[in-house]
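A look at the structure
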Amino acid sequence: MSAGMNGGGPGRSGQRPGRYGDAGRQQGSRVQGGSGAAGKSTDRGTRPAASSRAVALDVLVRVEQEGAYSNLLLNSSLQKSGLSREDSGLATELVYGTLSRLITLDYVLEDFVSKGIAKLTPWVRNLLRLSLYQIMYLDRIPPHAAVNEAVNIAKKRGHQGISGMVNGVLRSVLRAGELPVLKKGLSETERISILHSHPLWMVERWAAEYGTQTAEAMCAANNEPPAVSVRVNTTMISRHKLLEEMQAAGLNAAASRLSPYGIVVKGAGNLALTSWYSDGYLSVQDESSMLVAEAVAPEPGMRVLDCCAAPGGKSAHMGELMKDDGYIYANDLHAHKAKLISDQAARLGLDCITTGSADALELAGKLPAESFDRILLDAPCSGLGVIRRKPDLKWRKQPEDVDSIAGLQAELLQSVSRLLKPGGVLVYSTCTTEQAENRAIVSAFLKRNPDFVPVSFSSPVWERTKDTALAAGDGIQLLPQHFGSDGFYIARLQRLL
Ligand SMILES: C[S@@+](CC[C@H](N)C(=O)[O-])C[C@H]1O[C@@H](n2cnc3c(N)ncnc32)[C@H](O)[C@@H]1O
């Protein structure tokens with residue numbers, strides 16, 4: 001049975017935009033550096049780009065063999081490579097795309113490599129994966145070009161036998177037509193796992209929690225290109241005005257449906273390289289993340305605690321909502337991350353943020369009890385809501401990670417809650433889809449603390465999202481397919497007077 005017969009599978013039909021092909025610099029009236037026109041998509045087409053593939057191959061091998069983080073390694077490799085913007089875009093796409101589709105690619109290759117892919121030398125295995133990725137998922141690269149490039153790399157790195165084998169395998173793949181061909185007798189969750197390249201345990205977990213159909217939609221959404229959105233610094237400029245400026249500069253920019261502070265920008269490259277960014281008019285932030293500060297609803301003059309604040313996106317947003325009037329204590333466990341927060345605050349012209357570095361479990365012993373009007377616990381979590389941006393999470397995370405982080409989350413929530421004034425509001429949020437880290441934490445907390453009540457569903461955030469997002473216990477769960485944003489959980493709790 002082919003993917004096409006399953007509907008919506010990863011065949012070669014239809015034009016797919018490059019996933020990360022526009023990740024480089026770009027040019028516009030307010031954009032610094034780079035050479036492409038604002039919003040212009042890359043046209044890597046049929047140009048030979050062997051060096052992009054060589055860079056991508058090296059990164060893939062080291063991610064597999066050394067456990068290197070793909071984003072860090074790719075960034076440093078691209079800096080050293082001297083590749084053009086377009087070739088860097090292709091290398092980026094090959095790395096993230098191949099990592100993201102690993103299960104599907106290996107499933108296909110197993111049928112064509114007689115000794116099995118596990119026995120191949122790492123660079124040969126990864127060369128086959130990245131070449132198959134191009135054949136199956138990149139419509140703009142002609143299949144024969146992907147094969148020729150692979151054979152050239154194999155000739156350079158290995159002997160005649162290896163390049164012959166690579167050529168033979170990839171040409172057999174080309175002759176096979178629509179892929180993957182799924183074996184008979186697979187369960188629904190196995191089918192989803194192979195087709196959408198997610199570990200079986202994840203699919204099973206999501207199917208048990210949300211149902212099979214929703215689990216499949218989550219996996220499919222995780223394979224979509226992540227949207228680029230920015231949060232407007234409303235202490236400096238209105239969303240309407242910034243939107244006008246962006247459109248006048250030729251960007252494909254539209255108001256976010258999800259957040260009144262957000263703008264979604266397509267094909268504009270890295271907006272942190274623009275002068276809008278350096279002038280403090282905007283911050284790059286996912287649309288779901290923007291809902292969190294809005295749920296906290298801090299008002300000018302208030303005292304606010306952000307317990308796990310680095311790199312400072314939500315602290316800064318709260319400062320903007322408070323019109324820089326009041327006090328935000330932005331704490332993070334790691335001292336070196338305090339600078340990330342203070343740099344953001346300085347760039348955005350926010351003086352109300354003070355940084356600190358402590359284990360949030362110890363804050364209750366260090367700060368006066370019941371001294372904050374608002375508390376945000378944006379807790380460390382398994383991060384399974386942000387797989388689109390970090391595909392290696394699929395392979396790095398294990399089911400045990402969810403349970404072990406849940407223990408810390410429960411302790412953190414209990415501990416920091418003592419710092420909230422009666423009548424104050426505490427928001428618990430995570431960027432995960434796992435209810436063991438979300439609903440379960442909040443419901444156990446509410447059971448143990450009768451002086452707290454849930455008020456999530458009276459928030460404007462819920463009013464705006466309720467037709468699409470899920471109510472998860474006492475909080476709100478956004479899944480990646482709901483708005484094309486990150487998966488997020490937000491619970492708003494009030495301490496009784
Ligand atoms: C989800 S991130 C926070 C993101 C941040 N709120 C933002 O919007 O930019 C979680 C943060 O918790 C921090 N962290 C982890 N364990 C902590 C602890 N025990 N106490 C304080 N911070 C902790 C991590 O260093 C990490 O920066």
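Note that this is a predicted model, so its numbers are computed, not measured.

As a further point, take the overall build of the chain. Assigned secondary structure in the chain consists of 22 helices and 13 strands. Long-range contacts, defined as pairs at least 24 residues apart, comprise 73% of the intrachain contacts of the chain with a sequence gap of at least 6.

This brings us to the domain arrangement of the chain. Taken domain by domain, the chain holds domain 1 (45–184), domain 2 (188–223), domain 3 (228–284) and domain 4 (288–495). Relative placement of domain 1 and domain 4: their C-alpha centres are 39 Å apart.

Below, the discussion takes up the nonpolar core. Formed by 135 residues in total, the largest nonpolar core has its most connected members in Cys-307, Ile-375, Leu-377, Val-427, Tyr-428 and Ile-490. Apart from the residues within four sequence positions on either side, Cys-307 is in contact with Asn-331, Ala-360, Leu-363, Ile-375, Leu-376, Leu-377, Leu-412 and Val-416.

The full set close to the ligand counts 16 residues, and Cys-308, Gly-313, Leu-333, Ala-360 and Asp-378 are the nearest of them. For the shell around the ligand, a count of residues per class yields 8 nonpolar, 3 polar and 5 charged.

What follows concerns the pairing of strand β2 (residues 252–255). The two faces of a sheet get side chains in turn, since along a regular strand they alternate between them. Pairing of β2 with strand β3 (residues 262–266), which is carried by 4 bridges, proceeds in the antiparallel orientation. Within β3, the residue paired with Asn-252 across the bridge is Lys-266. Adjacent in sequence and paired antiparallel, β2 and β3 are bridged by 6 residues.

Because an α-helix packs 3.6 residues into every turn, residues spaced three or four apart end up facing the same way. Its 16 residues give helix α4 (residues 85–100) an end-to-end C-alpha distance of 22 Å, which sits within 8% of 22 Å, the value for a rise of 1.5 Å per residue. Along α4, 15 of the 16 residues are buried, which leaves the element largely enclosed by surrounding structure.

The strand order β2-β3-β1-β4 describes an open sheet built from 4 strands, whose pairing is antiparallel. The open sheet has two edge strands with one neighbour each: β2 and β4 (282–284). Within this sheet the neighbouring strands show an average axis-to-axis angle of 30 degrees, counted without direction. One ladder, built from 4 bridges, connects strand β1 (residues 228–232) with β3; its direction is antiparallel. For Ser-229, the partnering residue across the bridge sits in β3 and is Val-264.

Another point: the confidence of the model for the chain. Residues of the chain with pLDDT of at least 70 account for 90%, and the chain-wide mean is 89. Here residues 1–50 is modelled with pLDDT under 50, and outside its nearest four sequence neighbours on either side it reaches 122 contacts, counting other chains as well. The ipTM, which scores confidence in the relative placement of chains, is 0.99 for this predicted complex, and the corresponding pTM is 0.88.

Let's shift gears to the UniProt feature "binding site: S-adenosyl-L-methionine" (unreviewed entry) in the chain. The UniProt record annotates "binding site: S-adenosyl-L-methionine" (unreviewed entry) at Cys-308, Ala-309, Ala-310, Pro-311, Gly-312, Gly-313, Lys-314, Asp-332, Asp-359 and Asp-378. Relative to the elements of secondary structure, Lys-314 occurs in helix α15 (residues 313–321). Once residues within four sequence positions are removed from consideration, Lys-314 is found in contact with Ser-289, Val-292, Ala-293, Asp-306, Leu-376 and Asp-378. Within the element layout of this structure, Asp-359 appears in the loop between β7 (353–357) and α17 (363–366).

With that settled, the discussion passes to the environment of Arg-140. One can find Arg-140 in the loop between α6 (122–137) and α7 (143–157). Sequence spacing of Arg-140 and Thr-234 is 94 residues, and the spatial spacing of their C-alpha atoms is 40 Å.

Procedures and definitions
- Residues numbered from 1 in each chain as written.
- Predicted model: local features only at pLDDT ≥ 70, side-chain atom pairs only at ≥ 80, totals over all residues.
- Helix = DSSP H or I, 4+ residues; strand = E, 2+ residues; numbered from the N terminus.
- Contact = placed C-beta atoms within 7 Å.
- Domains from an automatic or database assignment.
- Core = buried A, V, L, I, M, F, W, Y, C linked by C-beta atoms within 7 Å.
- Buried ≥ 20, exposed ≤ 12 C-beta atoms within 10 Å, placed from the backbone.
- Near = placed C-beta within 6 Å.
- Nonpolar A, V, L, I, M, F, W, Y, C, P; charged D, E, K, R; others polar.
- Pairing = 2+ DSSP bridges.
- Expected span 1.5 Å × (residues − 1).
- Axes fitted to C-alpha atoms, helices over the stretch in contact; angles between N-to-C directions.
- pLDDT = per-residue confidence, 0-100.
- UniProt positions renumbered as here; feature names shortened; annotations may be inferred.

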